[in-house]
Amino acid sequence: RSTADALEAGPYDPVGRETELDALWATAQTRFPTAVVRDSHYLLQRYGTDLRSPYVWVAVKNRGILAGVAVVRRPRPDGDARLKGIRVAALADVVYAPDQPATGLALLGAVEHAAESLDADAVVGTASAPALQLLLRRQWYLPIAGNVHLLFRDVSGEPVTFGRALGDWWLT
């Protein structure tokens, strides 16, 4: 993994940082106008921040400004019975500008460090966005065939235009 002097990656406490998370989302979502909203309201409500949460947050800052955030689900304490007890951490969510691959690589490094600190044997992640798929492959994440199913229900009443290709979407 290449290093960038301006990037700092590590654990992240999102409590009280709604403005910072919203600014990150505003930057990232311009590259994926059809992405599911990942603003502070969604992220904090979905993944929680207290000690009982099954999630751990990591982030990358570029010269002190939040450039990316990822959420890792802790492995089950006794491992996954379907995998003979292997402890699997999951990349639950990731937000960064996809045209900033150094940020994505730094995030994956922080995810891997978090998984190691959680005593995980493996990290699993799913992604539909080509930019994230490329980064996962660059870091030797093994692709496993599967299906992505998406149900979209628009309740806004506004005309909706979105890409037809899966690569136009950012799903994790």
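Residues numbered from 1 in each chain as written. Predicted model: local features only at pLDDT ≥ 70, side-chain atom pairs only at ≥ 80, totals over all residues. Heavy atoms only, no water.

Student: Just to check I follow, could you spell out the overall build of the protein chain for this structure?
Tutor: Within the protein chain, the regular secondary structure consists of four helices and five strands. Ordering the α and β elements of the protein chain from the N terminus gives β-α-α-β-β-β-α-β-α. A buried classification covers 40% of the 172 residues belonging to the protein chain. A total accessible area of about 10700 Å² is found for the protein chain, and carbon and sulfur atoms account for 54% of it. (Helix = DSSP H or I, 4+ residues; strand = E, 2+ residues; numbered from the N terminus. Buried < 20%, exposed > 50% of the residue type's maximum accessible area, 1.4 Å probe, protein only. Areas by Shrake-Rupley, 256 points an atom, 1.4 Å probe, with all protein chains shown as cover.)

Student: Explain the nonpolar core here, please?
Tutor: Proteins that are soluble and globular tend to have nonpolar side chains buried together. Ala70 and Val94 are the most contacted members of the largest nonpolar core, which has 26 residues in total. When contributions to this core are tallied by element, the ones reaching two or more residues are strand E2 (55-62), strand E3 (65-73), strand E4 (88-96), helix H3 (101-117) and helix H4 (130-138). (Core = buried A, V, L, I, M, F, W, Y, C linked by side-chain atoms within 4.5 Å.)

Student: Would you take a moment to explain the packing of helix H1 (residues 18-29) against helix H2 (residues 40-47) for this structure?
Tutor: To describe two helices that pack against each other, one gives the angle between their axes and the distance between the axes. In the contact formed by H1 and H2, the axes pass within 8 Å of each other and the chain directions differ by 115°. Mapping the contact onto sequence places Glu18, Leu21 and Asp22 in H1 and Ser40, Leu43 and Leu44 in H2. (Axes fitted to C-alpha atoms, helices over the stretch in contact; angles between N-to-C directions. Contact = heavy atoms within 4.5 Å.)

Student: I tried to follow the sheet that holds strand E1 (residues 7-11) on my own but got confused; where do I start?
Tutor: Whether parallel or antiparallel, the strands of a sheet pair through hydrogen bonds between backbone atoms. Read from one edge of the open sheet, five strands run E1-E2-E3-E4-E5, paired in mixed fashion. Strand pairing shows two members of the sheet lacking a second neighbour, E1 and strand E5 (122-125), which therefore form its edges. Within this sheet the neighbouring strands show an average axis-to-axis angle of 25°, counted without direction. In the packing of H1 onto the sheet, the strands contacted are E2, E3 and E4, and the crossing angle to E3 comes to about 95°. (Pairing = 2+ DSSP bridges.)

Student: Would you mind showing me how to read H1 here?
Tutor: An α-helical turn contains 3.6 residues, so any two residues separated by three or four positions project in the same direction. Look at H1: 16 Å from first C-alpha to last across twelve residues, which is about the 16 Å you get at 1.5 Å a residue. Among all positions in H1, only Leu21, Leu24, Trp25 and Ala28 are buried. For H1, the arc enclosing every buried residue in end-on projection is 100°, short of the 170-degree limit, so these residues lie on one face. Those residues of H1 hidden inside the fold are in contact with H2, E2, E3 and E4. (Expected span 1.5 Å × (residues − 1). Arc of directions from axis to C-beta.)

Student: Help me understand unusual backbone geometry, please; the structure alone is not making it clear to me.
Tutor: Excluding glycine, a negative phi dihedral is what most residues carry, and trans is how most peptide bonds are arranged. Backbone geometry at Arg63 places phi at a positive 55°, although glycine is not the residue there. Relative to the helices and strands, Arg63 resides in the loop between E2 and E3. If you check the backbone angles, Asp119 has positive phi at about 60° while not being a glycine. Tracing the backbone through its elements, the reader meets Asp119 in the loop between H3 and E5. Classification of Asp119 by relative accessible area gives exposed; the value is 51%.

Student: Which parts of the structure should I look at to understand the pattern of salt bridges?
Tutor: Proximity of charged atoms lets side chains of opposite charge pair with each other. Scanning the model with the defined rule gives four salt bridges in all. A salt bridge links Asp50 to Arg52, with the nearest nitrogen and oxygen atoms 3.3 Å apart. Using a relative accessible area of 40% as the deciding quantity, one classes Asp50 as partly exposed. Among the charged side chains, a salt-bridge network with shared partners connects Arg17, Glu20 and Lys61. (Salt bridge = Lys/Arg side-chain N within 4 Å of Asp/Glu carboxyl O.)

Student: Mind showing me how you'd approach the packing of H3 against H4 here?
Tutor: Between H3 and H4, the least distance of the axes is 10 Å, while the angle of their chain directions is 55°. Between H3 and H4, the angle is such that the two are oblique. Along this stretch, H3 crosses H4, giving a crossing that reads as right-handed. Residues Pro101, Gly104, Leu105 and Leu108 of H3 form the contact with H4, whose own contacting residues are Leu135, Leu136 and Arg138. (Parallel < 35°, antiparallel > 145°, perpendicular 65-115°, else oblique. Left-handed = near helix turned anticlockwise from the far one by under 90°.)

Student: Help me understand H3, please; the structure alone is not making it clear to me.
Tutor: Across its 17 residues, H3 extends 24 Å between first and last C-alpha, which sits within 8% of the 24 Å expected from 1.5 Å per residue. Within H3, the full set of buried residues consists of Thr103, Gly104, Leu105, Ala106, Leu107, Leu108, Gly109, Ala110, Val111, Ala114 and Ala115. Packing partners of the buried residues in H3 comprise E1, E2, E3, E4, E5 and H4.

Don't take any of this as a statement about function, it's just geometry.
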